[in-house]
Amino acid sequence: MVEEVDTTSNKQQQVIIDNIAGLLEFFFSDTNLRSDKFMKNEMKFNDGMIAIQKLLRFNSIKKITTDPALLVKAVETSEKCKTILKLSEDKSSIGRLNKFDIQKIQDNIPLTLFVKGLPTVSEEGDEQNKAKSFAVQIEDVKNLFLEYGDVTLVRLRYKKKLNKSEPTIALGEAFVEYKTPEMAQKAVADLCADKGEPNKKLVLQGETLFIQPMKAWIEEKEKCKEGADAPTKKRSRDIKEEEPVEEKDNLEDGFDIVWKPGCVVSMKGLPDDCDREAIRAAIQDYHEDPKEIYIDFSRGQKTGAIRFETPNDRIIELAEKLKEGKIKISGHAVDTAHVLEGQDEKEYW
């Protein structure tokens, strides 16, 4: 008697593996790592690897599977994953074959377009506290630009919030990133013009979009900053209030990073019940204004960082006391702490 093979089940599993492979390809891509702090921190403190158990917590992966073996199989069998990803010896972690370094942070500039004029809609409320949302979806924007090549990322932009009580305001702007510089240049040649009218105008829900290369947008932004230093221009505070940030938890754009050396304390071995407020409370004697520091940490991580605005002698003292266990977080001493310097500091930023 010949045993029947459940080909339907095999096909379903292959679809799941293919979907997982696509997600892993994106999560570990240059495009995502430029702005994904969680991924970068995990890879930085774990020899470039991320535990599969942590990847299984990602909502998009969790919706597909909770089986770590399927992630292993995706890396081992997917033709695309095999060229960019690797498994640890015990197959418990996944990492990149080519290390993500600080140089790649700038690599998105020739790939990216700045888009302005996307439709938005105002929500109910008084004029001063009126929220504004995008009237289009990311897919709507992506589809407009696909004729020039593969779009790897669309990032919608929102106005920076000075406090949590402020409404969310969509700026009607976005960054569109292509897979290769050639694809981006093809779009630029058709959609952008230094003078006069471009060859083609893109319209979305009746709104004509303004499009320019990211490089040109950065240059204009730098000119605004230079002008802000002049006494006849706007105060720097006013400029800051107008500068937008991204929708996703105030992540850096990945191309406009300004940092000073000696300002970051790296920590390993944080307690399971740790959160940002617990870290802030533990180090309250080391800052007068909460705005002077940023706690770079997400729940569930064992690593984190404390970032100061400017270098000072107390930063080294803080790192030493954390390392010696004289300062405890949620009642627990960390495994180790030190001030980042050299290449480690560059890679952090």
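From a predicted model like this one, the values you see are computed outputs, not experimental measurements.

**Let's talk about helix 9 (residues 138-145)**
Move 1: Among all positions of helix 9, only Val-141, Leu-144 and Phe-145 are buried. Projected onto a plane normal to the axis of helix 9, the buried residues spread over an arc of 90 degrees and lie on a single side.

**Comments concerning the side chain of Thr-65**
Move 1: By the element assignment, Thr-65 lies in the loop between helix 5 (59-62) and helix 6 (68-77).
Move 2: Thr-65 gets classed as buried once you look at its relative accessible area, which sits at 8%.
Move 3: Within polar-contact distance, the side chain of Thr-65 engages the backbone nitrogen of Asp-67 at 2.9 Å.
Move 4: Setting aside its immediate chain neighbours within four residues, Thr-65 contacts Ile-20, Leu-56, Leu-70 and Leu-71.

**Looking at the packing of aromatic side chains**
Move 1: Taken as a whole and judged by the stated rule, the model has seven aromatic pairs.
Move 2: Centre to centre, the rings of Phe-114 and Phe-175 are 5.9 Å apart; their planes meet at 55 degrees, and the pair counts as tilted. A residue pair is termed long-range when its members are at least 10 positions apart, and Phe-114 in strand 4 (residues 112-116) and Phe-175 in strand 8 (residues 170-178) qualify at 61 residues. Take Phe-114 and Phe-175: they sit in the same class, and that class is buried.
Move 3: Measuring from ring centre to ring centre gives 5.4 Å for Phe-114 and Trp-217, while their planes differ by 25 degrees; the resulting arrangement is stacked. Taken together, the residues Phe-114 in strand 4 and Trp-217 in helix 11 (residues 214-228) connect sequence positions 103 residues apart.
Move 4: Take Phe-114: its relative accessible area is 4%, and that puts it in the buried class.

**A short note on the confidence of the model for the protein**
Move 1: In the predicted model, the protein carries a mean pLDDT of 80, and 81% of its residues have values of at least 70.
Move 2: Within the protein, the lowest mean pLDDT, 37, falls on strand 12 (residues 244-246), and the highest, 95, falls on strand 2 (residues 85-87).
Move 3: In the predicted structure, residues 232-258 sits below a pLDDT of 50 and forms 57 contacts with residues beyond four places in sequence or in another chain.

**Topic: the sheet that holds strand 1 (residues 49-51)**
Move 1: A sheet is described by the order of its strands in space; here three strands give the open sequence 1-3-2, paired in antiparallel fashion. The open sheet terminates on both sides in strands that have one partner only, identified here as strand 1 and strand 2. Across the sheet, the mean angle from the axis of one strand to that of its neighbour is 30 degrees, orientation sign disregarded.
Move 2: Running over the sheet, helix 3 (residues 37-44) touches strand 1 and strand 3 (93-96) and is turned about 105 degrees from strand 1.
Move 3: Strands strand 2 and strand 3 of the sheet are contacted by helix 6, whose axis makes an angle of about 125 degrees with strand 2.

**Things to note about the pattern of salt bridges**
Move 1: Evaluated as defined, the whole model comprises 10 salt bridges.
Move 2: Between Glu-42 and Lys-54 there is a salt bridge, and its shortest N-O distance comes to 3.0 Å. Placement of Glu-42 in helix 3 and of Lys-54 in helix 4 (residues 52-55) is noted, with a sequence separation of 12 residues between them.
Move 3: A relative accessible area of 15% places Lys-54 in the buried class.
Move 4: Ionic pairing is found between Glu-197 and Lys-201, a salt bridge with its closest N-O pair at 2.6 Å.

**So, unusual backbone geometry**
Move 1: Located in the positive-phi region is Asp-47, a residue other than glycine, with phi close to 55 degrees.
Move 2: Within the element layout of this structure, Asp-47 appears in the loop between helix 3 and strand 1.
Move 3: Under the relative-accessibility criterion, Asp-47 is labelled exposed at 75%.
Move 4: Positive phi, normally seen in glycine, also occurs at Lys-91, with a value near 60 degrees.
Move 5: Tracing the backbone through its elements, the reader meets Lys-91 in the loop between strand 2 and strand 3.

**Looking at the nonpolar core**
Move 1: Counting residues in hydrophobic clusters, the biggest one holds 27 residues, and the most contacted among them are Leu-118, Val-141, Phe-145, Val-176, Tyr-178 and Ile-211.
Move 2: Sorting the residues of this core by element identifies strand 4, helix 9, strand 7 (151-159), strand 8 and helix 10 (181-191) as the ones contributing at least two each.
Move 3: The element that contributes the greatest number of residues to this core is helix 10, accounting for five residues.
Move 4: Ignoring sequence-local partners within four residues, the contact set of Val-141 consists of Leu-118, Val-136, Val-154, Val-176 and Leu-204.

**A short note on the side chain of Asp-275**
Move 1: Position of Asp-275 relative to the elements: it lies in the loop between strand 13 (264-268) and helix 13 (276-282).
Move 2: Reaching out from Asp-275, the side chain makes a polar contact with the backbone nitrogen of Ala-278 at a distance of 2.7 Å.
Move 3: Non-local contacts of Asp-275, meaning those with residues more than four positions away in its chain, are made with Phe-297 and Arg-299.

**Examining helix 3**
Move 1: Most of helix 3 is tucked away, with six of its eight residues classed as buried.
Move 2: For helix 3, the set of buried residues is Lys-37, Met-39, Lys-40, Asn-41, Glu-42 and Met-43.
Move 3: One side-chain oxygen of the residue at the start of helix 3 lies 3.3 Å from the amide nitrogen of Phe-38, identifying that residue as Asp-36.

What counts, and at which threshold
Residues numbered from 1 in each chain as written. Predicted model: local features only at pLDDT ≥ 70, side-chain atom pairs only at ≥ 80, totals over all residues. Heavy atoms only, no water. Buried < 20%, exposed > 50% of the residue type's maximum accessible area, 1.4 Å probe, protein only. Helix = DSSP H or I, 4+ residues; strand = E, 2+ residues; numbered from the N terminus. Arc of directions from axis to C-beta. Polar contact = N/O pair within 3.5 Å; in protein donor to acceptor, adjacent residues only side chain to side chain. Contact = heavy atoms within 4.5 Å. Phe/Tyr/Trp six-rings, centres within 6.5 Å; stacked < 30°, edge-to-face > 60°. pLDDT = per-residue confidence, 0-100. Pairing = 2+ DSSP bridges. Axes fitted to C-alpha atoms, helices over the stretch in contact; angles between N-to-C directions. Salt bridge = Lys/Arg side-chain N within 4 Å of Asp/Glu carboxyl O. Core = buried A, V, L, I, M, F, W, Y, C linked by side-chain atoms within 4.5 Å.

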